[in-house]
Amino acid sequence: MRIIFVRHGEPDYEKDCLTPTGKLQAEAAARRLAREGIGEIYASPMGRASETAACTAELLNLPVRTLDFMHEISWGGPGIPYEGHPWTVSDRMISSDNFDFYHQDWRHHPLFEKNTAVRYLDGISLRFDELLRGQGYRHEGTRYFCETDRQKTIAVFSHGGSGACVLAHLLALPFPYVCTVMPYEFTSIIILEFPVRKGEYVHPRIELFNDTAHTLNISSGLVFQQKA
């Protein structure tokens, strides 16, 4: 099984919709995704993600299934600098604090201990595991028990924050680490492959990360949302 994660196109955050450039990016992504053999399309309920998904859905003549839990995350907390912005505080945590992810628990770091982003991470992780169970993969620790022999590809259209939550969870990586070293651009394509070996434990594999070739000449580059 393959899961294709797609970040929404360039947005108007205040209106929660795509800008004209974002619409061009979404259309380009749809043409790029048309050759991936997608059988199911899922999307965040937020306008910018569902609008991006709609381009691919229309081209492939598939419905869009809404995943309420994949809406963009919020962040912040008492006394946390930079308003608790996950990408900014993660970078400070690694670059300035030289945080040791091997021997320290990032959840107890002052930048995250009371940051609401952690609550979203936990909720999204739990709900995505439920989605995976429906696809035939049961999450146990840092591995997955395959209960299916079906080969299929699904696409999930979401956001920089909620997408980072899922990647951190599925790949068993610290959330701040993912925010810092695994950024991805508007309508970037990320593909994780789950081996189909019924009755065995498997691990997801990164097949592709941050593919934005389809947005050549229409991309504005890497941008992080600044407000929850």
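Our structure is the block above this text.
A brief report on the enclosed structure follows.

Cut-off values and rules
Residues numbered from 1 in each chain as written. Predicted model: local features only at pLDDT ≥ 70, side-chain atom pairs only at ≥ 80, totals over all residues. Heavy atoms only, no water. Salt bridge = Lys/Arg side-chain N within 4 Å of Asp/Glu carboxyl O. Helix = DSSP H or I, 4+ residues; strand = E, 2+ residues; numbered from the N terminus. Buried < 20%, exposed > 50% of the residue type's maximum accessible area, 1.4 Å probe, protein only. Contact = heavy atoms within 4.5 Å. Core = buried A, V, L, I, M, F, W, Y, C linked by side-chain atoms within 4.5 Å. Axes fitted to C-alpha atoms, helices over the stretch in contact; angles between N-to-C directions. Parallel < 35°, antiparallel > 145°, perpendicular 65-115°, else oblique. Left-handed = near helix turned anticlockwise from the far one by under 90°. Nonpolar A, V, L, I, M, F, W, Y, C, P; charged D, E, K, R; others polar. Disulfide = S-S within 2.5 Å.

To continue, consider the pattern of salt bridges. Evaluation of the coordinates by the stated rule reveals 13 salt bridges. For the salt bridge of Arg92 with Asp91, the shortest nitrogen-to-oxygen distance reads 3.3 Å. One salt bridge in this structure joins Arg127 and Glu130, with 3.3 Å as the shortest N-O distance. Here Arg127 and its partner Glu130 are both found in helix α4 (residues 116-134), three residues apart, which amounts to about one turn of the helix. Here the salt bridges share partners, and the residues they tie into one network are Arg2, Arg32, Glu36, Glu207 and Asp211.

For the rest of this paragraph, the subject is unusual backbone geometry. The phi angle of most residues is negative, glycine excepted, and most peptide bonds adopt the trans form. A positive phi is found at Glu83, a non-glycine position, where the angle reads about 55°. Along the chain, the position of Glu83 falls in the loop between β5 (64-66) and α3 (86-95). The exposure class assigned to Glu83 is exposed, which follows from its relative accessible area of 61%. Phi at Ala172 takes a positive value of approximately 55°, unusual for a residue other than glycine. One can find Ala172 in the loop between α5 (160-170) and α6 (175-181). In this structure Ala172 comes out as partly exposed when scored by relative accessible area, which is 43%.

Here Glu193 lies in strand β9 (residues 189-193). With 191 residues separating them along the chain, Glu193 and Arg2 place their C-alpha atoms 4.4 Å apart. Excluding residues within four positions of it along the chain, Glu193 makes contact with Met1, Arg2, His203, Pro204, Arg205 and Glu207.

Along the chain, Gln135 falls in the loop between α4 and β6 (137-140). On a C-alpha basis, the gap between Gln135 and Thr187 in space is 24 Å, while along the polypeptide they are 52 residues apart.

The biggest cluster of nonpolar side chains holds 45 residues, and the ones touching the most others in it are Ile3, Phe5, Phe128, Leu132, Leu170, Phe175 and Phe194. Looking at this core element by element, the count peaks at seven residues for α4. Among the nonpolar cores identified, the runner-up in size contains twelve residues, and Val6, Ala43, Phe157 and Ile191 belong to it.

Turning our eyes to something else, we now look at the packing of helix α1 (residues 20-33) against helix α2 (residues 47-60). Closest axis-to-axis distance for the α1/α2 pair is 8 Å, and the angle between their directions is 40°. Viewed along their axes, α1 and α2 adopt a mutual orientation that is oblique. Viewed along their axes, α1 and α2 form a crossing whose handedness is right-handed. Of α2, the residues touching α1 (which contributes Lys23, Ala26, Glu27, Ala29, Ala30, Arg31 and Leu33) are Glu51, Thr52, Cys55, Thr56 and Leu59. Broken down by class, the residue content of the contact of α1 with α2 amounts to six nonpolar, two polar and four charged.

Moving on to α5. Most of α5 sits inside the fold, with ten of its eleven residues counted as buried. Listed as buried for α5 are Gly160, Gly161, Ser162, Gly163, Ala164, Cys165, Val166, Leu167, Ala168 and Leu170.

Counted by the stated rule, this structure contains zero disulfides. Here Cys165 stays unpaired: no disulfide links it, and the sulfur of Cys179, its closest cysteine neighbor, is 7.3 Å away. A residue is classified by how much of its surface remains accessible, and Cys165, at 0% relative accessible area, is buried. What makes Cys179 buried here is its relative accessible area of 3%.

Moving on: the packing of α4 against α5. Where α4 meets α5, the axes come as close as 9 Å, and the angle between the chain directions of the two elements is 65°. Between α4 and α5, the interaxial angle falls into the category roughly perpendicular. The interaxial crossing formed by α4 with α5 has right-handed handedness. On α5, the residues touching Leu121, Ile124, Ser125, Phe128, Asp129 and Leu132 of α4 are Ser162, Cys165, Val166, His169 and Leu170.

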